[in-house]
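Structural overview
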Amino acid sequence: MADGSGPDPIADLRANTDAPFERARAMPRSVYTTDTFLAAELDHIFGRDWYCVGRADALSQAGDYVTGTLAGEPFIVLRGRDGALAAMSNVCRHRMSTLLEGRGNTRAIVCPYHAWTYNLDGTLRGAPAMEQNDAFCKSDYALPKIRCEEWLGWVFVTLDPDATPVAQQLAQVEAMVSGYDMTNYTETFYEEHVWDTNWKVLAENLWRATTCRSATRAPSAACRGSKTWSARRDCPRSTITRSSRTTGCASRWPIPTTIG
Ligand code: FES
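A few points on the structure. Please read these numbers as outputs of a predicted model, since none were measured by experiment.

Brief notes about the overall build of the protein chain
A count of helical and extended segments in the protein chain gives eight helices and ten strands. Relative to its 260 residues, the protein chain shows a buried fraction of 23%. Put simply, 58% of the contacts in the protein chain that link residues at least 6 apart link residues at least 24 apart.

A closer look at the pairing of strand β3 (residues 73–79)
Most of β3 sits inside the fold, with seven of its seven residues counted as buried. Of the two faces of β3, the one lined by Glu-73, Phe-75, Val-77 and Arg-79 and the one lined by Pro-74, Ile-76 and Leu-78 are each fully buried. Sheet topology places strand β2 (residues 64–70) next to β3; six bridges connect them, and they run antiparallel. Its bridge partner being in β3, Tyr-65 is matched across the sheet by Leu-78. Linking two consecutive strands that pair antiparallel, namely β2 and β3, is a turn of two residues; a positive phi of about 50° is found at Ala-71 within it. With five bridges connecting them, β3 and strand β4 (residues 85–89) associate as antiparallel partners. When the sheet's bridge partners are listed, Leu-78 is paired in β4 with Ala-86. Two successive antiparallel strands, β3 and β4, enclose a turn made up of five residues, where Gly-83 displays a positive phi of approximately 90°.

Quick word on the sheet that holds β3
Pairing between the strands of a sheet comes from backbone hydrogen bonds, and it takes one of two forms, parallel or antiparallel. Pairing is antiparallel across the open sheet formed by seven strands, whose spatial order is β1-β10-β9-β4-β3-β2-β5. On the outer flanks of this sheet lie β1 (51–55) and β5 (103–105), each paired with one strand and no other. In this sheet, neighbouring strand axes are inclined to one another by 30° on average, regardless of whether the strands run parallel or antiparallel.

Some details on the sheet that holds strand β8 (residues 124–126)
Spatially, β6-β7-β8 is the arrangement adopted by the three strands of the open sheet, whose pairing is antiparallel. Looking at strand neighbours, the two that pair on one side only are β6 (109–110) and β8, the edges of this open sheet.

Considerations on the nonpolar core
Tyr-65, Phe-75, Ile-76, Val-77, Ala-87, Ile-146 and Val-157 are the most contacted members of the largest nonpolar core, which has 37 residues in total. Going through the elements one at a time, β2, β3, β4, β9 (145–151) and β10 (154–158) are the ones with two or more residues in this core. With four residues, β3 is the largest single contributor of residues to this core. Leaving out residues up to four positions away in the same chain, Val-77 has contacts with Val-53, Leu-59, Tyr-65, Val-66, Leu-85, Ala-87, Cys-148, Val-155 and Val-157.

Observations concerning the pairing of β10
For β10, the tally of buried residues reaches four of five residues, placing the bulk of the element in the interior. Where β1 meets β10, four bridges bridge the pair, whose relative direction is antiparallel. By the bridge assignment for β10, Arg-55 is matched with Trp-154. Here five bridges tie β9 to β10, and the two strands are oriented antiparallel to one another. Looking across to β10, one finds that Cys-148 is bridged to Val-157. Hairpin geometry of β9 and β10 is characterised by an intervening segment of two residues between the two adjacent antiparallel strands and by a positive phi of about 50° at Leu-152.

Definitions and cut-offs
Residues numbered from 1 in each chain as written. Predicted model: local features only at pLDDT ≥ 70, side-chain atom pairs only at ≥ 80, totals over all residues. Helix = DSSP H or I, 4+ residues; strand = E, 2+ residues; numbered from the N terminus. Buried ≥ 20, exposed ≤ 12 C-beta atoms within 10 Å, placed from the backbone. Contact = placed C-beta atoms within 7 Å. Pairing = 2+ DSSP bridges. Axes fitted to C-alpha atoms, helices over the stretch in contact; angles between N-to-C directions. Core = buried A, V, L, I, M, F, W, Y, C linked by C-beta atoms within 7 Å.

And the structure:
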């Protein structure tokens, strides 16, 4: 029992991985179905590691942006007027509306709720009616920055300010792929798929060699089968595909209180 009231998925997993390789079994059900394990994943994996959000060349012009959600935190990656890529919170500092959706190009970040307007560097440009409040200081309301790095043309973000730099983490990989000239890859095609399942089920199906061999001709058809994805019914939520599209979403950054 993790808290005395339910299964302890961490203990379940530890017991599972303690078994010798010759007696290896699939991961325990609780790692797919409990809120306890989901919270641990968000904290220890999605809240700390680097995640690739695409190719830098797809964000080539000032104002080009892509949005996403990492560990429940909506973010924007955007090409600034100085030519540099930057990542920042995608939550309005007024009443927490999501600012941008999907991918595109913008001259400024304008909140769809009450039209607070941010510059491409995340600083607050204008806030209607707030000039009537003497205590209001625009510099207090810039969008919080998120770490963003480029590696061989791939763009990565992390919520962990202390994460080891991407190039350092992937130094061995860089040596392995050195013959592919990845830095000069150009994005010619983009699709986004949202899978209504636990993220681990998707990952397991993609990297398992036997799946590749038997389902190469139609992997997506294999995955759509109700039996293949029956774990979906037991999954409390999908970890990697949720996004906050409305007002009132939570943010890790406290917002100053001098707002109207
Ligand atoms: S201006 Fe963004 S929530 Fe009000």
